[in-house]
Amino acid sequence: MQKLLTTLIVILALAVLLVFVAALFGSYTLIFNHPSNDLNISQRLSLLPAITVSAGVLVAILTFERERKKQELERQRHVSEVFLERVKDGFKTVIDLLSDQNNNRITWVRAARTLLKSLELKEQIEPKEYKVAYELEEERARNELYTILSLVDKESGERVPLPPQFFYGIEDWRTCNSLDDAAIKASSSAVVYSPTIDEVPPQPNLKHLLPKSVIAIFDFVEYPKTYNDPLKSVGDWDVNWEDSYAIDQGVRRYVAHTKEKIAIGGKLHDLNKNKSG
């Protein structure tokens, strides 16, 4: 609809412009190229109303188009602002649902659906500044989920992945060492039940997480292949560490050392020596 309206406005503007140019040309011909020199003022100015009307209509069309574009931009901003807020709410809901590091099947399905619905709203965000704001919200949510969906190794202090037993939805996933045992513990027992009008029949007790819900969330946590890493734009330090006397003295020495030495298997190697050899 917007494209059709724009096309009609352009056609109308061109038509008015042609009338305006024709009126100007006709006026010029009448005043300057008429074979008789005794044209009175009324004859010389006979085309001025057409010129004035054409110019007025053209200005009105251009003003209307300018205001229409302004209103459309404001509408896009308002819509984008609304969708951005809904995205933030969606990301927050997902984080809240998984923040206690639970392995409840229903909770993970709810979190995955909310996440996918939130990601769909990205396509409705138009102005550049709102797209940038969305990317920051996505980055924040990804970082928080990475922390939630990983463990801290007690020895190294590094973050490590959740064990596969976790995703079978069992309570003792930390101590269960076998995936076969985890699958057996997560299996639902068969119950024979005669339905009556007075009681609600027991529901199947499915413990293991729905694979698609797990995939949806971890696909989001993992940085996409199209991710534009801002760190790539960071330049290297060429200044020698001896020349630094500010707060970055320590880190400059560290960076310089990583360019000269590397430790592998408990042994230190000279990088410059390896390059020269």
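Structure: see above.
Described below are features of the structure shown in this document. In this text the structure is predicted, and so the values were computed from the model without any measurement.

### Some words on the pairing of strand β3 (residues 261-264)
Next, step 1: Pairing geometry for β3 and strand β4 (residues 267-270), over four bridges, is antiparallel. Bridging across to β4, isoleucine 262 finds its partner in histidine 269.
Next, step 2: Between β3 and β4, which pair antiparallel and follow one another directly, the connecting turn spans two residues, one of which, glycine 265, has a positive phi of 60°.

### A short note on the packing of aromatic side chains
Next, step 1: For the structure on display, the rule yields nine aromatic pairs.
Next, step 2: Arranged with centres 5.8 Å apart and planes meeting at 70°, the rings of phenylalanine 167 and phenylalanine 218 form a pair that is edge-to-face. A residue pair is termed long-range when its members are at least 10 positions apart, and phenylalanine 167 in the loop between β2 (159-161) and α6 (179-186) and phenylalanine 218 in helix α7 (residues 211-221) qualify at 51 residues.
Next, step 3: The side chain of arginine 142 reaches across the aromatic face of phenylalanine 220, ending 5.0 Å from its centre.
Next, step 4: Across from the ring centre of tryptophan 237, 4.1 Å away, lies the NZ or CZ of arginine 252, which sits over that ring.

### Some points on the pattern of salt bridges
Next, step 1: Throughout the structure, instances matching the rule amount to 11 salt bridges.
Next, step 2: Between arginine 86 and aspartate 89 there is a salt bridge, with its nearest N and O atoms 2.9 Å apart. A residue pair is termed a helical-turn pair when its members lie 3 or 4 positions apart in one helix, as arginine 86 and aspartate 89 do in helix α3 (residues 48-98) at three residues.
Next, step 3: Arginine 86 gets classed as partly exposed once you look at its relative accessible area, which sits at 42%.
Next, step 4: The closest approach of N and O atoms between glutamate 144 and arginine 140, which form a salt bridge, is 2.9 Å. A residue pair is termed a helical-turn pair when its members lie 3 or 4 positions apart in one helix, as glutamate 144 and arginine 140 do in helix α5 (residues 128-148) at four residues.
Next, step 5: Its relative accessible area of 32% is what places glutamate 144 among the partly exposed residues.
Next, step 6: Several salt bridges share partner residues, and in doing so they unite Glu137, Arg140 and Glu144 into one network.

### Observations regarding the side chain of serine 213
Next, step 1: Of note, serine 213 is situated in helix α7.
Next, step 2: There is a polar contact of 2.6 Å between the side chain of serine 213 and the backbone oxygen of leucine 210.
Next, step 3: Beyond its immediate stretch of four places on either side in the chain, serine 213 contacts Trp108, Val109 and Ala112.

### Some thoughts on the side chain of arginine 142
Next, step 1: Following the sequence through the fold, arginine 142 ends up in helix α5.
Next, step 2: Setting aside its immediate chain neighbours within four residues, arginine 142 contacts Phe220, Val221, Glu222, Tyr223 and Pro224.

Rules and cut-offs
Residues numbered from 1 in each chain as written. Predicted model: local features only at pLDDT ≥ 70, side-chain atom pairs only at ≥ 80, totals over all residues. Heavy atoms only, no water. Pairing = 2+ DSSP bridges. Helix = DSSP H or I, 4+ residues; strand = E, 2+ residues; numbered from the N terminus. Phe/Tyr/Trp six-rings, centres within 6.5 Å; stacked < 30°, edge-to-face > 60°. Lys NZ or Arg CZ within 6 Å of the ring centre and 35° of its normal. Salt bridge = Lys/Arg side-chain N within 4 Å of Asp/Glu carboxyl O. Buried < 20%, exposed > 50% of the residue type's maximum accessible area, 1.4 Å probe, protein only. Polar contact = N/O pair within 3.5 Å; in protein donor to acceptor, adjacent residues only side chain to side chain. Contact = heavy atoms within 4.5 Å.

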